[in-house]
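Report on the structure
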Amino acid sequence: MADAKAQKRAKFDAVYPILRDELLAYLKQEGMPEDAVSWFQRNLDYNVPGGKLNRGISVVDSVEILKGRKLSDDEYFKAALLGWCIELLQAFFLVSDDMMDQSVTRRGQPCWYRVEGISYIAINDSFMLEGAIYFLLKKHFRTEPYYVHLLELFHDTTFQTEIGQLIDLITAPEDHVDLSKFSLAKHQKIVIYKTAYYSFYLPVALAMYMCGIPHTDTADPYALAQSILIPLGEYFQVQDDFLDFAAPPEVLGKIGTDIIDNKCSWCVNTALALATPAQRAVLDANYGKKDAQAEARIKALYEEMGIRQKYEEYEEAAYKRIMGLIQTIPENASAPAGQVTLKREVFKVFLDKIYKRQK
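Since the structure is predicted, the reported quantities are computational estimates derived from the model, not experimental observations.

Conventions we followed
- Residues numbered from 1 in each chain as written.
- Predicted model: local features only at pLDDT ≥ 70, side-chain atom pairs only at ≥ 80, totals over all residues.
- Heavy atoms only, no water.
- Salt bridge = Lys/Arg side-chain N within 4 Å of Asp/Glu carboxyl O.
- Helix = DSSP H or I, 4+ residues; strand = E, 2+ residues; numbered from the N terminus.
- Buried < 20%, exposed > 50% of the residue type's maximum accessible area, 1.4 Å probe, protein only.
- Axes fitted to C-alpha atoms, helices over the stretch in contact; angles between N-to-C directions.
- Parallel < 35°, antiparallel > 145°, perpendicular 65-115°, else oblique.
- Contact = heavy atoms within 4.5 Å.
- Nonpolar A, V, L, I, M, F, W, Y, C, P; charged D, E, K, R; others polar.
- Phe/Tyr/Trp six-rings, centres within 6.5 Å; stacked < 30°, edge-to-face > 60°.
- Lys NZ or Arg CZ within 6 Å of the ring centre and 35° of its normal.
- Polar contact = N/O pair within 3.5 Å; in protein donor to acceptor, adjacent residues only side chain to side chain.
- Left-handed = near helix turned anticlockwise from the far one by under 90°.

Where charged atoms from two side chains of opposite charge come close, those side chains can pair. This model, assessed by the stated rule, comprises 19 salt bridges. The partner of Glu316 in a salt bridge is Lys356, with the nearest N and O atoms 3.1 Å apart. On the criterion of sequence distance, the pair formed by Glu316 in helix α14 (residues 307-327) and Lys356 in the segment after α15 (344-354) is long-range, its members being 40 residues apart. With a relative accessible area of 28%, Glu316 lands in the partly exposed category. On the basis of relative accessible area, Lys356 is assigned to the partly exposed category, the value being 44%. The network of salt bridges with shared partners includes Glu174, Asp261, Lys263 and Lys290.

Spelled out as structure tokens, the structure:
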């Protein structure tokens with residue numbers, strides 16, 4: 001199992017240097033100075049390939065499931081290219097987000113803007129990571145009938161994510177705690193816009209376009225996919241918030257910091273919705289403080305208020321709801337020969353990866 005996963009990742013990884021070299025070749029062809037070319041290469045190599053690559057690889061997985069067969073070399077390359085475009089989008093978000101949050105490390109190394117000699121040039125570097133997406137899409141997909149759909153999807157998703165980031169930044173600034181700005185409804189808006197669209201809907205919609213699945217006036221498959229993937233993304237983020245509080249660091253792989261960072265997390269919003277006046281006073285006095293004892297008081301309050309139990313109830317309800325939505329996808333729908341249709345399997349694979357995960 002682990003071996004198959006490693007092979008899948010290695011195959012996906014092998015596409016990255018091809019795309020990087022195409023981007024660098026463009027700069028060279030335009031006569032850019034050597035130091036600019038090598039700067040761009042450093043930016044790409046430092047920020048794009050190092051993550052878990054879940055979003056990118058899920059484009060390939062989804063295309064394979066939709067087509068119901070192994071992909072040809074050309075199909076694999078195109079699916080992986082779209083996957084790497086999501087990883088470029090993610091890199092653009094993370095480089096800029098780390099500056100906004102004044103973060104110190106990312107993926108076990110210093111944030112890009114903190115690397116010696118980078119500083120505010122990282123702002124332009126993030127723009128170049130985003131620009132690289134459209135260079136690659138134009139080069140490889142311009143003649144495809146779904147090209148405009150790809151462009152619109154990346155532009156729309158980027159704007160949605162930026163709107164989510166705005167709500168998050170103004171609701172939960174790290175240096176100004178005001179829990180009256182928090183609510184479960186606001187948390188839902190943040191996670192849907194900041195995470196669910198680009199992490200869950202984007203990879204599947206890209207796969208659907210590549211497979212030639214058309215939009216329809218009634219029962220549009222893209223609207224159906226979105227109606228499943230957005231709740232799935234919301235569930236994923238609630239789970240992430242819960243694990244930040246509840247999972248031991250040795251299991252999670254990092255130390256949870258949502259409480260001291262004043263994050264608009266599902267845990268604090270659930271606590272706020274249930275709190276007695278005395279419990280609310282504890283939240284107001286201790287949340288978002290850079291103080292281990294204050295953090296311990298919040299964690300003790302979460303335990304006292306039964307946040308673990310509330311999460312278990314949430315998880316079961318979310319799983320049932322999403323499974324119910326997946327069942328609404330018509331199986332074996334009559335389609336013209338060669339026409340790919342939406343498959344439940346695409347969504348089940350996502351849900352199975354997430355349900356009851358520990359890290």
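Contact geometry of helix α3 (residues 34-47) with helix α6 (residues 121-141) gives a least axis separation of 10 Å together with a crossing angle of 80°. One way to sum up the angle between α3 and α6 is to call them roughly perpendicular. From α3, Trp39, Phe40, Asn43, Leu44 and Asn47 reach across to α6, where they touch Ile121, Asp125, Met128, Leu129 and Ala132. Grouping the constituent residues of the contact of α3 with α6 by class yields seven nonpolar, two polar and one charged.

With that settled, the discussion passes to the packing of aromatic side chains. This model, assessed by the stated rule, comprises 21 aromatic pairs. Aromatic pair Tyr319 and Tyr355: ring centres 4.0 Å apart, planes at 25°, arrangement stacked. With Tyr319 in helix α14 and Tyr355 in the segment after α15, this pair connects stretches of sequence that are 36 residues apart. Assessed through its relative accessible area of 23%, Tyr355 is described here as partly exposed. The structure contains a cluster of three or more aromatic residues connected by ring pairs, namely Tyr235, Phe242, Phe245, Trp266, Tyr302, Tyr311 and Tyr314. Here Lys11 stacks its cationic end above the ring of Tyr76, 4.1 Å away from the centre of that ring. Its guanidinium or amino end placed over the ring of Phe141, Lys78 lies 5.2 Å from that ring's centre, counting from NZ or CZ.

Tracing the backbone shows Glu22 in helix α2 (residues 16-29). Among the polar contacts listed, one links the side chain of Glu22 to the side chain of His140, at a separation of 2.7 Å. In this structure Glu22 touches Phe77, Phe135, Leu136, Lys139 and His140, once residues within four positions along its chain are discounted.

Where helix α8 (residues 184-210) meets helix α9 (residues 221-246), the axes come as close as 7 Å, and the angle between the chain directions of the two elements is 130°. Put simply, α8 runs oblique to α9. For α8 against α9, the interelement crossing comes out right-handed. For the contact of α8 with α9, the class distribution of residues is 18 nonpolar, six polar and two charged.

Moving on, we come to unusual backbone geometry. Even without glycine at this site, Gln102 takes up a positive phi of about 55°. The topology assignment puts Gln102 in the loop between α5 (73-101) and β1 (105-106). Note on Gln102: relative accessible area 53%, which makes it exposed.

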